[in-house]
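Residues per chain, in single letters:
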Amino acid sequence: MAESVTTAPEQALAGGVLASPRMRKGLTVVGAILAVIVVWEGAIALLDLPEYKLPHILTILQAFVEPTPKGPVYQLLLRDALYTGFEAVAGFAIGGVLGFLLAVLFIHSPLLERGLLPYVIASQTVPIIAVAPMVVVGMGQLGAPPWLSKAIIAAYLTFFPVTINVLRGFVSVERDALNLMRSYAATKAQIFFKLRLPASVPYLFTALKISATASVIGAIIGELPVGSTRGLGVQIVYGSQFNTFNPGFLWATIIAASLLGMAFYGAVSLAERFLVRWRHP
Amino acid sequence: MTNPASSTPIIEIQGVHKVFGSGPDRVVALQDVNLTVHAGEFVSIVGPSGCGKSTLLRLISDLLQATQGEIRVNGKTPHQARLDRDYGFVFQAPTLYEWRTVHRNVRLPLEVMQVDRSQWRERVTKMLSMVGLDDFHNHYPWQLSGGMQQRVSIARALVFEPPMLLMDEPFGALDEFTRENMNLELLRIWEQTGKTIVFVTHSIPEAVFLSNRVVVMSPRPGRIASIVPIDLPYPRTFETRESERYFELMTEVRETLKEEFTKAV
Ligand SMILES: Nc1ncnc2c1ncn2[C@@H]1O[C@H](COP(=O)(O)OP(=O)(O)OP(=O)(O)O)[C@@H](O)[C@H]1O
Ligand SMILES: [Mg+2]
């Protein structure tokens, strides 16, 4: 019996450090980064890839600090990322509100739902890459500020997950949860605000997390057509045109874009954690 | 002997049929049900699973509509009685809103019925105290056991002081000990307030202990097989459960159920 009792120092050795969840999480992240580096550099070495096909990680890191007339590249990219981020957030807000209102409309009018939902779904099958230039050029001719057309494209990608998920949230309420309200002779508005709306919040956040990253992609797609002057999309076009001469740059813009998407996703997750505290962990 | 039951009919059910679905899915849930519950009466409904007990409660409360026959509640249609908030309903499952704390769950009917805000805290606190959940105001439903959740749902049904309570197996999820305590508590509330209570249960001892009358139902199609009057004196106490008459009445209900069951098979 006595042998099976481990002492405190033994436990620390056996995994006391690893037992801390924060430590374990940190190690996982470090491990993942190491794995990417190994695979990345391994691929270059094994397949004998030239820099313009896949640059070394060091080349990419160097590209970030390379000086330009307007300051080092990372400063340039930060400015563009903030601009693209602004367009994405604007589109996210427009799309989120629109998507939500559509869901509210549909839940209160099954007729409208049956009539309009197929078109809403069809709207998402349109290849956005093909439509984006028309939107950007068209809105430019109408005198809209350049960021607005990008926001509209971001909104286009944002609203759909919101509509579909919120609608699912609205109908997710159990029959007796609804019967309870009916037994109180609750009004339609009360049923909506005290039951359907709060019940849909977790579904809303599922959608918003998808939309957060989609809106960044939408804004970037909006910046691709000729005529755009600012934003990560412009830098991506620039980077791919000059990829042979400066292979690190394109990847630097790609990394900047994905960091932007992740930051946005993280912000929405944080908001979720604050607002959906009642959830079973 | 206190027995607040009067002879004023408050729920009148005449020739009620309830059919669900059609074609091969057609289920006759209730067939020719006749029952009168008097104001202040405590009536229990027992019967095997699927015999239409919940359906009957839902018809009375206008959550479902009868296929045929007539129901009057307080002299009104069930629909009007619902709009007048004549009853509180305790569902078979606790049906708490998971985004609301215990306190705010119990407060829900007060909000919906626009009861004066100044009364909310006091009334909710009183109810939670009554069901023994003083220390759980700020817990969320998932943090409670099934039995505790059901007690919250009972507090919620009582908080707006409806003259009538429709309870669908409210104590089914409780352990025997808590259940017996809740039985005594419910009887105390009933005797104090003179509410009319229709109470569905699977437990014969519980039905006999609580009620003025026990309605025995039989399945396929759901019918009222017989109604057993319970002549045990009120107030009923722990001693009641040991009295000879209590056992006789339990046997009577059980025999009726068994008879119906063998007939059905
Ligand atoms: N909404 C519904 N649609 C179709 N059939 C239903 C519906 N509700 C109940 N039924 C059927 O009606 C019958 C009676 O159901 P009910 O729920 O009233 O039984 P119960 O006596 O309450 O049973 P339990 O004791 O298991 O709760 C069952 O055969 C059931 O399948
Ligand atoms: Mg039932």
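Quick caveat, the model's predicted, so the values are computed rather than measured.

A few points about the sheet that holds strand β1 (residues 9–20) of chain B
All names here are of chain B.
Argument step 1. Within the open sheet, the three strands sit side by side as β2-β1-β4. Their pairing is antiparallel. Two strands in the sheet have a free side with no partner beyond their single neighbour: β2 (27–38) and β4 (68–73). Between one strand and the next, the sheet's axes are offset by a mean angle of 15°, whatever the strand orientation.
Argument step 2. Here eight bridges tie β1 to β2, and the two strands are oriented antiparallel to one another. Bridging across to β2, V19 finds its partner in V28.

So, the domain arrangement of chain A
Argument step 1. Parsing chain A into structural domains produces domain 1 (2–49) and domain 2 (61–275).
Argument step 2. For domain 1 of chain A versus domain 2 of chain A, the separation of C-alpha centres amounts to 36 Å.

Considering the coordination of the magnesium ion (ligand 2)
Argument step 1. Donor atoms from the polypeptide that bind the magnesium ion (ligand 2) are S54 of chain B (OG) and Q92 of chain B (OE1), placed at 1.9 to 2.5 Å. Taken together, the positions of S54 of chain B in helix α1 (residues 53–60) and Q92 of chain B in the loop between β5 (87–90) and α3 (102–112) put the pair 38 residues apart, joining distant regions of the chain.

Some words on the site of ligand 1
Argument step 1. In the neighbourhood of ligand 1, 14 residues make up the surrounding shell, with S49, G50, K53, S54 and T55 of chain B lying closest.
Argument step 2. Proximal residues around ligand 1 fall on chains A and B, making this an inter-chain site.
Argument step 3. Residue C51 of chain B places a main-chain N or O atom 3.3 Å away from an oxygen atom belonging to ligand 1.
Argument step 4. In the model, an oxygen atom of ligand 1 is placed 2.7 Å from a nitrogen or oxygen of the K53 of chain B side chain.
Argument step 5. For ligand 1, the protein covers 65% of the area, taking 630 Å² as the surface of the free molecule.
Argument step 6. Elements with a minimum of two residues in the shell around ligand 1: β2 and α1 of chain B.
Argument step 7. Of all the elements, α1 of chain B adds the most residues to the shell around ligand 1, at three residues.

Describing the sheet that holds β5 of chain B
Residues and elements named next belong to chain B.
Argument step 1. Taken together, six strands build an open sheet; the order of strands is β5-β6-β7-β3-β8-β9 and the sheet is mixed. The open sheet terminates on both sides in strands that have one partner only, identified here as β5 and β9 (223–229). Between one strand axis and the next, the sheet turns through 15° on average, direction left out of account.
Argument step 2. The sheet contact formed by β5 and strand β6 (residues 164–168) spans four bridges and is parallel. For G88, the partnering residue across the bridge sits in β6 and is L165.
Argument step 3. Against the sheet, α1 contacts β3 (42–46), β5, β6, β7 (196–200) and β8 (213–218), and its axis sits at roughly 155° relative to β6.
Argument step 4. Set on the sheet, helix α5 (residues 146–158) makes contact with β5 and β6; between it and β5 the angle comes to about 170°.

Here's the deal with the confidence of the model for chain B
Note: predicted coordinates in regions of low pLDDT should not be interpreted at a detailed level.
Argument step 1. Summary statistics for chain B give a mean pLDDT of 91 and a share of 97% for residues scoring 70 or more.
Argument step 2. Across the interface, the model reports ipTM at 0.90; the global pTM reads 0.83.

Thoughts on the packing of aromatic side chains
Argument step 1. Evaluated as defined, the whole model comprises 20 aromatic pairs over all chains.
Argument step 2. Between the aromatic rings of F159 of chain A and F160 of chain A, the centroid separation amounts to 6.5 Å while the plane-to-plane angle is 75°, which identifies the pairing as edge-to-face. Comparing F159 of chain A with F160 of chain A shows no difference in burial state: the two are buried.
Argument step 3. An aromatic cluster is defined as three or more aromatic residues linked by ring pairs; in this entry it consists of F42, F171, W190, F199 and Y234 of chain B.
Argument step 4. In this structure, R230 of chain A is placed above the aromatic ring of Y83 of chain A, and the distance from its NZ or CZ to the ring centre is 4.1 Å.

The rules behind these values
Going along each chain's sequence as written, the residues are numbered from 1 onward. Following the order in which they are written, the chains are lettered starting with A and the ligands numbered starting with 1. At least 70 in pLDDT is required for a residue's local features to be given in this predicted model, at least 80 for side-chain atom pairs to be given and counted, and no such filter applies to totals for whole chains, interfaces and linings, which use all residues. Note that water and hydrogens are dropped before the side-chain values are worked out from all heavy atoms of the structure. One bridge is not enough; two strands pair if DSSP finds at least two bridges between them. Strands are runs of DSSP state E lasting at least two residues, helices are runs of H or I lasting at least four, and both sets are numbered from the N terminus onward. Throughout, an axis means a line fitted to C-alpha atoms (over the contacting stretch in the case of helices), and angles, computed between N-to-C directions, take values from 0 to 180 degrees. How far each domain reaches was decided by an automatic or database domain assignment. Atoms are scored as donors when they are N, O or S and lie within 2.8 Å of the metal, with 3.2 Å used for Na, K and Ca; no water is included, so coordination may look incomplete. Here, proximity means that at least one heavy atom of the residue falls within 4 Å of the molecule or strand. Distance and chemistry together define a polar contact, namely a pair of N or O atoms within 3.5 Å, with one atom able to donate a hydrogen and the other to accept it when in protein, and with adjacent residues in sequence counting only for side-chain atoms on both sides. Note on areas: Shrake-Rupley, 1.4 Å probe, and residue coverage restricted to the protein chains presented here. Contact between two residues is taken to exist if any of their heavy atoms lie within 4.5 Å; hydrogens are not considered. Per-residue confidence from the prediction method is given by pLDDT, with values spanning 0 to 100. Stacked, tilted and edge-to-face are the three classes applied to pairs of Phe, Tyr and Trp rings, where Trp contributes its six-membered ring and a pair requires centres within 6.5 Å; stacked means planes under 30 degrees apart, edge-to-face means over 60, and tilted covers the rest. Buried, partly exposed and exposed residues are distinguished by accessible area as a fraction of the type maximum, computed with a 1.4 Å probe on protein chains only: under 20%, between the cut-offs, and over 50%, respectively. Throughout this description, the term charge over a ring refers to an Arg CZ or Lys NZ atom that lies within 6 Å of the ring centre and within 35 degrees of the ring normal.

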